[in-house]
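So you can see what is in the structure, the chains are spelled out below.
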Amino acid sequence: MKLSPIRTAVIALALSAGPALAQSASFNVAAGKTVTSSRPAADAYPDPDGLKLTDGSFEFAWADMVGFEGSEPVSLTVDLGATYDTISYVALRVMRSDGSDVALPTAIVSVSEDGLVWDDLGLATAHPAGSVANDTIGTLVWADEAWAGYGQFVRVELLPAGGWAMVAELEVGNGAIPADLAPAASSNPPASAEPVNVALGKAYTLAPAASEAYPDDGGVQLTDGAYAYAWADMVGIADAATNPVVIVDLGQHVDGITRVAGLFMRSFASAVNLPYSIIVSVSDDGEAYQVVGLAAKTAPAPAMNELINSVYWQDLEEPVAGRYVKLQIRNRTGWIMLAEVVVQTGAATPEVQEAE
């Protein structure tokens, strides 16, 4: 989440004025802070005082774990006790034990100033690169100094992948990321081929169905290449009870997918907001999907009102592959107005440019 010029000016003023914003010599600003969960931990693996996940201990031992049984999502929220302006790193120490039905969850990182209004920052993925070995403690990391968050509260939403999610520690870093904690840089050169929107003209499904006022006539509007700031170009969903899902069938297996984006209207006057983010997954059979990223960044940045904004995931060095691309839209209240879904290969480029 990049800071707006107004926000940046406010931060600079506060820093010059004194201790209005907390500045800590310790990078891990969550150490010793209380963590609350959206549903209770299992009786056998509790966290009675809310401090087990910030005590600095994360051994491969059941006593060090806070455990959650079942597939229902669970959110872990840490109150940092003060507002931090450069939340650049979140790490979650989790157990993997196949024999005990303990799998690595998907972990979505968000930040808030007041604990009520949240901004999604990104997806915490396995670190270092590669899979976490069985019967070990793995580290799920989100790290991005260029898209740092601002706030007092950090939330990690876990989407369990097995019978149990076992968590040992939650760390939140503020400021420059120490070299020994920074995720290893990719050894792959950035994609250099001409960008291609491989979703253009492709078939897709949308659930729930669009509203009658802003329908998807013929099921073609979201991949037709048109996304003008006009109501007629929009597919609208009002107050969806579940996250809307778009699945694009690319027609064949496609290698080198570097960018996935949803292009949305933002109009506060019309109660039309952008989603929090989009969970991006790929599949070759349309049945088993792998989560590959979280589209949480916007173009332009910061997002603009009364404009089409691109909400995107991008990785030019570690592209993904598949025939089906699923976009699970984490919607806010009110209307979602979606104009286009774009899936790019090659040296991907922003779909929306900020006016000069």
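Residues numbered from 1 in each chain as written. Predicted model: local features only at pLDDT ≥ 70, side-chain atom pairs only at ≥ 80, totals over all residues. Heavy atoms only, no water.

> Before we move on, could you go through unusual backbone geometry and cite the residues and values that matter?
Cis geometry marks the peptide bond from Ala207 to Pro208, where omega comes out at -5°. Counting through the fold element by element, Pro208 comes out in the loop between strand 10 (203-207) and strand 11 (235-238). The residue after Ala299, namely Pro300, is reached through a cis peptide bond having omega 0°. With a phi close to 55°, Asp135 is a non-glycine residue in the positive phi region. When you line up the elements, Asp135 lands in the loop between strand 5 (118-127) and strand 6 (136-143). By relative accessible area, Asp135 is classed as partly exposed at 41%. (Helix = DSSP H or I, 4+ residues; strand = E, 2+ residues; numbered from the N terminus. Buried < 20%, exposed > 50% of the residue type's maximum accessible area, 1.4 Å probe, protein only.)

> Go over the packing of aromatic side chains with me, naming the residues and quoting the values.
Under the counting rule described, the total for this entry stands at five aromatic pairs. Considering the side-chain rings of Tyr45 and Trp62, the 5.6 Å spacing of their centres and the 40° angle between planes classify their relative orientation as tilted. Placement of the pair is Tyr45 in the loop between strand 1 (35-37) and strand 2 (66-69) and Trp62 in the loop between strand 1 and strand 2, with a sequence separation of 17 residues. Judged by relative accessible area, which is 39%, Trp62 ranks as partly exposed. Joined through ring pairs, the aromatic side chains of Tyr45, Trp62 and Trp164 make up one cluster. One residue, Arg155, lies across the ring of Trp118, its end atom 4.3 Å from the ring centre. The ring of Tyr289 carries Lys326 above its face, with NZ or CZ at 4.5 Å from the centroid. (Phe/Tyr/Trp six-rings, centres within 6.5 Å; stacked < 30°, edge-to-face > 60°. Lys NZ or Arg CZ within 6 Å of the ring centre and 35° of its normal.)

> Hey, could you go over the nonpolar core for me, with residue numbers and the actual values?
Within the largest apolar cluster, 29 residues are counted, with the highest numbers of intra-cluster contacts made by Leu80, Leu92, Val154 and Val172. Contributions of two or more residues to this core are made by strand 2, strand 3 (74-96), strand 4 (106-112), strand 5, strand 6, strand 7 (149-159) and strand 8 (164-174). Other than its neighbours up to four places away in sequence, Leu92 contacts Leu76, Ala107, Gly138, Thr139, Leu140, Val156, Leu158, Val167, Glu169 and Leu170. In terms of nonpolar packing, the next biggest core, distinct from the first, is built from 28 residues, Val248, Val260, Leu274 and Val282 among them. (Core = buried A, V, L, I, M, F, W, Y, C linked by side-chain atoms within 4.5 Å. Contact = heavy atoms within 4.5 Å.)

> If you had to explain the environment of Leu140 to someone new, which residues and values would you point to?
Relative to the elements of secondary structure, Leu140 occurs in strand 6. Residue Leu140 is classed as buried on the basis of its relative accessible area, which comes to 3%. In sequence terms Leu140 and Asp255 are 115 residues apart; their C-alpha atoms lie 25 Å from each other. Not counting chain neighbours up to four residues away, the residues in contact with Leu140 comprise Val90, Ala91, Leu92, Val94, Pro105, Ala107, Ala124, Thr125 and Ala126.

> Go over the pairing of strand 18 (residues 335-345), please, and point to the residues and values.
Of all eleven residues in strand 18, ten are buried, a share of seventy percent or more. Pairing geometry for strand 9 (residues 196-197) and strand 18, over two bridges, is antiparallel. Its bridge partner lying in strand 18, Val196 is registered against Thr345. Where strand 11 meets strand 18, four bridges bridge the pair, whose relative direction is antiparallel. Among the inter-strand pairings, Val235 is bridged to a residue of strand 18, identified as Leu338. Sheet analysis places strand 12 (residues 245-266) next to strand 18, joined by seven bridges and oriented antiparallel. Bridge pairing links Phe264 to Leu338 in strand 18. (Pairing = 2+ DSSP bridges.)

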